[in-house]
Structures are given as C-alpha cells and as structure tokens.
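Examining the three-dimensional arrangement
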Amino acid sequence: MRYAIVNSSAVHRLRLVSAPEGLSFLLLLVCSVLKRTTSFDAVPVMGMVHGILFILYVVFWIMAWQAQKWDVKRGALLFVLSVLPTGGFFAERLLKKEELGVAAPAREPAAA
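What counts as what
- Residues numbered from 1 in each chain as written.
- Predicted model: local features only at pLDDT ≥ 70, side-chain atom pairs only at ≥ 80, totals over all residues.
- Heavy atoms only, no water.
- Patch = residues over 30% accessible without salt bridge, like charges linked within 9 Å, V, L, I, M, F, W, Y side chains within 5 Å.
- Areas by Shrake-Rupley, 256 points an atom, 1.4 Å probe, with all protein chains shown as cover.
- Salt bridge = Lys/Arg side-chain N within 4 Å of Asp/Glu carboxyl O.
- Helix = DSSP H or I, 4+ residues; strand = E, 2+ residues; numbered from the N terminus.
- Buried < 20%, exposed > 50% of the residue type's maximum accessible area, 1.4 Å probe, protein only.
- Expected span 1.5 Å × (residues − 1).
- Arc of directions from axis to C-beta.
- Contact = heavy atoms within 4.5 Å.

1. Let's talk about a nonpolar patch on the surface
- Where nonpolar side chains cluster on the molecular surface, the patch consists of Leu23, Leu27 and Phe89 and spans about 240 Å² of accessible area.
- One can find Leu23 in helix H1 (residues 9-37).
- Among the residues examined, Leu23 registers a relative accessible area of 44% and is labelled partly exposed.

This is how it looks when you write it as structure tokens:
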C-alpha cells in the first residue's frame with residue numbers, strides 16, 4: 001500500500017462531520033419512534049442537531065468536491081451516503097482512505 005497525504009482540509013472537515021451526521025440521523029430516527037410509542041419527545045432537539053450537521057456536511061461536501069475535483073460519480077456517491085441512515089459511517093471510511101491517500105496495490109497481469 002502506498003500512503004500520500006491528501007493536501008485538502010476540505011476533505012478532512014467533511015470526514016470529521018460525516019460520522020456525527022450519520023449518528024445524529026440514527027438518533028433522530030430512534031427519537032421519532034419513541035415519540036410515537038411513548039411520551040418521550042426529543043424530536044425537536046435531535047431534528048435541529050441533525051439539521052445543523054447535515055447543512056455542515058453539504059457545505060463541506062461542496063468544498064471538498066471543488067478542492068479535490070471529484071468526478072460526478074464520486075461526488076454523487078458521497079451525497080447519497082449522507083441521506084442514508086448509516087451512510088455517514090461509510091462516507092467517513094471512504095474519506096479517511098482518500099485523506100491518507102491509500103491506494104490499492106497494482107494487480108499483476110494475468111498469466112497467459
């Protein structure tokens with residue numbers, strides 16, 4: 001494996017906000033279920049927390065896309081991950097690999 005640090009604070013910021021955004025989404029879903037099944041209602045608070053984290057994710061996503069000059073497929077993947085309940089955790093993992101510059105080892109050509 002090769003390691004080359006990506007010189008982009010935008011990717012780092014996006015990575016730092018992706019896991020908390022994913023966690024807040026899951027907590028918001030739990031709060032929504034609890035609101036409908038019990039008298040516990042934390043949806044307004046968790047909704048605001050998740051909303052702020054989601055806005056930060058989108059802003060940092062745009063900044064990282066511009067800084068890294070991602071193709072449409074990569075940019076769209078990272079956005080779609082932000083709207084899936086556990087997607088933030090997968091986005092964090094992808095961004096960590098990109099930030100570290102981890103590249104898969106080159107494959108040897110198949111023997112003929």
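What follows continues from the structure just given.
2. Things to note about the pattern of salt bridges
- Under the counting rule described, the total for this entry stands at three salt bridges.
- The shortest N-O distance in the salt bridge between Arg15 and Glu99 comes to 2.7 Å. Highlighted residues: Arg15 in helix H1 and Glu99 in helix H4 (residues 87-100), separated in sequence by 84 residues.
- Under the relative-accessibility criterion, Arg15 is labelled buried at 19%.
- Assessed through its relative accessible area of 13%, Glu99 is described here as buried.
- In this structure, the salt-bridge partner of Arg74 is Glu98, at a minimum N-O distance of 2.5 Å. One end of the pair, Arg74, is in helix H3 (residues 72-82); the other, Glu98, is in helix H4, and 24 residues separate them in sequence.
- According to the relative accessible area criterion, Glu98 is buried, its value standing at 15%.
- A cluster of three or more residues bridged by salt bridges with shared partners is formed by Arg15, Glu92 and Glu99.

3. A closer look at H4
- Over its 14 residues, H4 extends 20 Å from the first C-alpha to the last, a length consistent with the 20 Å expected when each residue adds 1.5 Å.
- Within H4, the full set of buried residues consists of Gly87, Gly88, Ala91, Leu95, Glu98 and Glu99. Within H4, the buried residues cover an arc of 100° as seen down the axis, which keeps them to one side.
- Looking at the buried positions of H4, the neighbouring elements they touch are H1, helix H2 (43-68) and H3.
- Immediately downstream of H4, the backbone of Gly101 shows phi near 70°, a positive value.

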